[in-house]
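Structural description and commentary
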Amino acid sequence: MLWRAGFGPRPGEAEKLAKKGLHGAVHTLTHPGRERLVGPTPVDGDGHRIAPTDAWGHDHLWWLDRMVRTRRPLVERMTLVWHDWFATSNEGVSSQKLMLRQNGLFRRAGLGSFQQLLLLVTRDPAMLLWLSGNDNEKGSPNENYGREMMELFTLGAGRGYTERDVREQARALTGFRNDWSENLGPVNFRYDPKRHDTGAKVIFGKRGRFGWQDACRLSVRHPNHRSFFVRKLWSYFIPTPPSAATRGALERLYVAKHFAIRPVLEAILKHPRLYAGPRMVKPPVVYLAGMLRATGRGIDTEAWTWLANQAGQQLFYPPNVSGWDDDRWLDTASFLARWNIAGRVLRPKVLKTSSPAPFDPDELVKRALAFWGEPPLTSDTHRALKVFATKALGDADRNWKKTQYPPLVENALRHLIAISPDLQTS
């Protein structure tokens, strides 16, 4: 639960949460109270405070720091879900300040009403820039946002809308604009009634003088939205689709609760498939944040940005409006970066050749597992670690090797555990 609804446990956190039982644990995650970040203030490699609105990659460090230090892991994880759902990239926005503002929107509204969240996203400055909402005016409607609102955000590709609906949605969404400052860039985002097309539109077979709020409402209340919402939200926590009965129950719950996110999320987190179903590959930033939480290390290097980029997930830079492709989380191009991430996390904890360590493969494996907080491993992984440790110590044919090899082997075991299939997935 803590890996899928957060970023893995800190030492002792899983045991503490388990005492509450399933329902108590889920309630704790979904009703966390006020945020209180725990741990050292994030700095760059030179020990200077990070500058998330100015320096390249520091926006990534800023959010990664929140993932590591948060006391509200589900809130932060849902912020990541919405960043992928409403994928907006600074590649097109060109303003770390506006991207961080959108990030705050997801954090504040991420467990409330989906309809309200869609309204907030629709007028969000970063989204207006990303999908040309600020270039959408009467007489020259831009279809970018209207199309993606239906295809990617609320209904799904080809599910219950036509090209005419796209054109009419674009007309309904006209009216947003902003100014430009030579020093500040895009500023003063607002809705200008003079730019809005006030004529009658026909959307989903309904006729009216619809505006931007109507466009959002009509999409959320479309009969195909509830199934889209349930399947997509489910997919972030459970890798196999829900059964027809489960999907139907979640859809009814969603509608009965007036499109509230929290009740559906709670039902998913309590579902047996979360615990008895197949494992999921951890997104790169979740993998990294979890190791930092487990080792008690804070943000102290800019390497986390470029390493995460190489692993396939630099925050605030999803590859396109569809978000990240989960099928690319583990492949021959990205796995080396995960290996390097694990090595960089371990760097401050590396044992020296003079560090005392037992000349015993079983004990070395136990010590390496204890370092990571006793993560559950398969028997195959245990066996592979034991074989590695035994063979590595088998080469110690001199006294100095018997002293220096054990800490080196323990370092290697820590690294191997970190990149094992068991820790790459949850």
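Let me sum up the structure you'll find in this document.

What counts and what doesn't
Here, residues in each chain are numbered from 1, in the same order as that chain's written sequence. Where local features are concerned, this predicted model is filtered to residues with pLDDT of at least 70; where side-chain atom pairs are given and counted, the filter is 80 or more; whole-chain, interface and lining totals use all residues. Side-chain calculation: all heavy atoms of the structure are included, whereas hydrogens and water are not. The secondary structure listing takes helices from DSSP runs of H or I that are at least 4 residues long and strands from runs of E that are at least 2 residues long, numbered from the N terminus. Taken over C-alpha atoms, the radius of gyration is set against a globule rule of 2.2 Å times the number of residues to the power 0.38. Classification of residues uses two cut-offs on accessible area relative to the type maximum, computed with a 1.4 Å probe and protein chains only: under 20% is buried, over 50% is exposed, and between them is partly exposed. Two residues qualify as a contact provided that any one of their heavy atoms is within 4.5 Å of a heavy atom in the partner residue. Residue burial considers only the protein chains on display, and all accessible areas are found by Shrake-Rupley using a 1.4 Å probe. Patch membership requires over 30% relative accessible area and the absence of a salt bridge. Like charges are linked within 9 Å, and nonpolar side chains (Val, Leu, Ile, Met, Phe, Trp, Tyr) within 5 Å. In the sections that follow, a salt bridge refers to a side-chain nitrogen of Lys or Arg positioned within 4 Å of a carboxyl oxygen of Asp or Glu. By definition, two strands form a pair when at least two bridges between them are found by DSSP. Nitrogen and oxygen atoms within 3.5 Å of one another constitute a polar contact, given that in protein one can donate a hydrogen and the other can accept it, and given that sequence-neighbouring residues count only through two side-chain atoms. Two aromatic rings from Phe, Tyr or Trp, using only the six-membered ring of Trp, form a pair when their centres are within 6.5 Å; if the ring planes differ by under 30 degrees the pair is stacked, by over 60 it is edge-to-face, and anything between is tilted. Remark: a charge is flagged as sitting over a ring if the NZ atom of Lys or the CZ atom of Arg is within 6 Å of the ring centre and within 35 degrees of the ring normal. The set of buried Ala, Val, Leu, Ile, Met, Phe, Trp, Tyr and Cys residues whose side-chain atoms join them within 4.5 Å is what this entry labels a nonpolar core. Axes here refer to lines fitted to C-alpha atoms; in helices the fit is confined to the stretch in contact. Angles between the N-to-C directions go from 0 to 180 degrees. What sets the label is the angle itself: under 35 degrees gives roughly parallel, over 145 gives roughly antiparallel, 65 to 115 gives roughly perpendicular, and the rest give oblique. For a crossing to be left-handed, the near helix must be turned anticlockwise from the far one by less than a right angle; the clockwise case is right-handed. Note on residue categories: nonpolar means Ala, Val, Leu, Ile, Met, Phe, Trp, Tyr, Cys or Pro, charged means Asp, Glu, Lys or Arg, and polar means any other residue, Gly included.

What about the overall build of the chain?
Across its full length, the chain holds 22 helices and 4 strands. Relative to the 2.2 N^0.38 estimate, which gives 22 Å for 426 residues, the radius of gyration of the chain is 24 Å and therefore close to what a compact globule would have. The dimensions of the chain, computed from C-alpha atoms along their principal axes, are 90 × 55 × 40 Å. Each of the 426 residues in the chain was classed as buried or not, and the buried ones make up 55%. Counted over contacts in the chain with a minimum sequence separation of 6, partners at least 24 positions apart contribute 73%. Accessible surface for the chain amounts to roughly 19400 Å². Of this, 51% is attributable to carbon and sulfur atoms.

Looking at a nonpolar patch on the surface
Among the surface-exposed residues, Val281, Leu330, Phe335, Leu336 and Trp339 lie close enough to one another that they form a single nonpolar patch of about 410 Å² accessible area. Position of Leu336 relative to the elements: it lies in helix 18 (residues 335-346).

Considerations on the pairing of strand 2 (residues 185-191)
Alignment of strand 1 (residues 176-181) against strand 2, held across 5 bridges, turns out to be antiparallel. Its bridge partner being in strand 2, Asp179 is matched across the sheet by Val187. Counted along the chain from strand 1 to the antiparallel partner strand 2, the turn is 3 residues long.

A closer look at helix 7 (residues 114-122)
Most of helix 7 sits inside the fold, with 7 of its 9 residues counted as buried. Taken as a whole, helix 7 has its buried residues at Phe114, Gln115, Leu117, Leu118, Leu119, Val121 and Thr122. Backbone nitrogen of Gln115 and a side-chain oxygen of the N-cap are separated by 3.2 Å at the start of helix 7; the cap is Ser113.

Focus on the packing of aromatic side chains
With the rule as written, the count across this model stands at 20 aromatic pairs. Ring geometry for Trp400 and Tyr405: centres 6.4 Å apart, planes at 90°, overall edge-to-face. Put simply, the rings of Trp82, Trp85, Phe86, Phe106, Phe114, Tyr145, Phe153, Phe228, Phe229, Tyr236, Tyr254 and Phe259 touch in pairs and so form one group of aromatic residues. Its guanidinium or amino end placed over the ring of Trp3, Lys282 lies 3.3 Å from that ring's centre, counting from NZ or CZ. The side chain of Arg338 reaches across the aromatic face of Tyr287, ending 5.3 Å from its centre.

Considering the nonpolar core
Among the nonpolar cores identified, the biggest contains 114 residues, and Trp82, Trp85 and Phe86 are the most heavily contacted of them. Ignoring sequence-local partners within four residues, the contact set of Trp85 consists of Phe114, Leu152, Phe153, Phe228, Phe229, Lys232, Leu233 and Tyr236.

Some thoughts on the packing of helix 4 (residues 73-85) against helix 6 (residues 96-109)
Any two packed helices are characterised by the angle at which their axes cross and by the distance between the axes. It is at 8 Å that the axes of helix 4 and helix 6 come closest, and there the two elements cross at 120°. The orientation of helix 4 with respect to helix 6, classified from their angle, is oblique. Regarding helix 4 and helix 6, the two cross each other, and that crossing is right-handed. Between helix 4, through Val75, Glu76, Thr79, Trp82 and His83, and helix 6, the contact on the second element is made entirely by Met99, Asn103, Phe106 and Arg107. For the contact of helix 4 with helix 6, the per-class residue count stands at 4 nonpolar, 3 polar and 2 charged.

Thoughts on the pattern of salt bridges
Think of it this way: side chains of opposite charge can pair up when their charged atoms draw near. On inspection of all chains with the given rule, the structure shows 22 salt bridges. Residues Arg293 and Glu13 are paired through a salt bridge, measuring 3.1 Å at the closest nitrogen-oxygen approach. One end of the pair, Arg293, is in helix 16 (residues 284-295); the other, Glu13, is in helix 1 (residues 13-18), with 280 residues separating them in the sequence. Look at Arg293 and you get buried, because its relative accessible area is 2%. Among the salt bridges present, the one from Arg195 reaches Glu137, with a minimum N-O distance of 3.6 Å. One end of the pair, Arg195, is in the loop between strand 2 and strand 3 (201-203); the other, Glu137, is in the loop between helix 8 (125-130) and helix 9 (144-154), and 58 residues separate them in sequence. Owing to a relative accessible area of 14%, Arg195 belongs among the buried residues under this scheme. What emerges from the salt-bridge pattern is a single network uniting Glu35, Arg66, Glu76 and Arg107.

These figures capture arrangement, not role.
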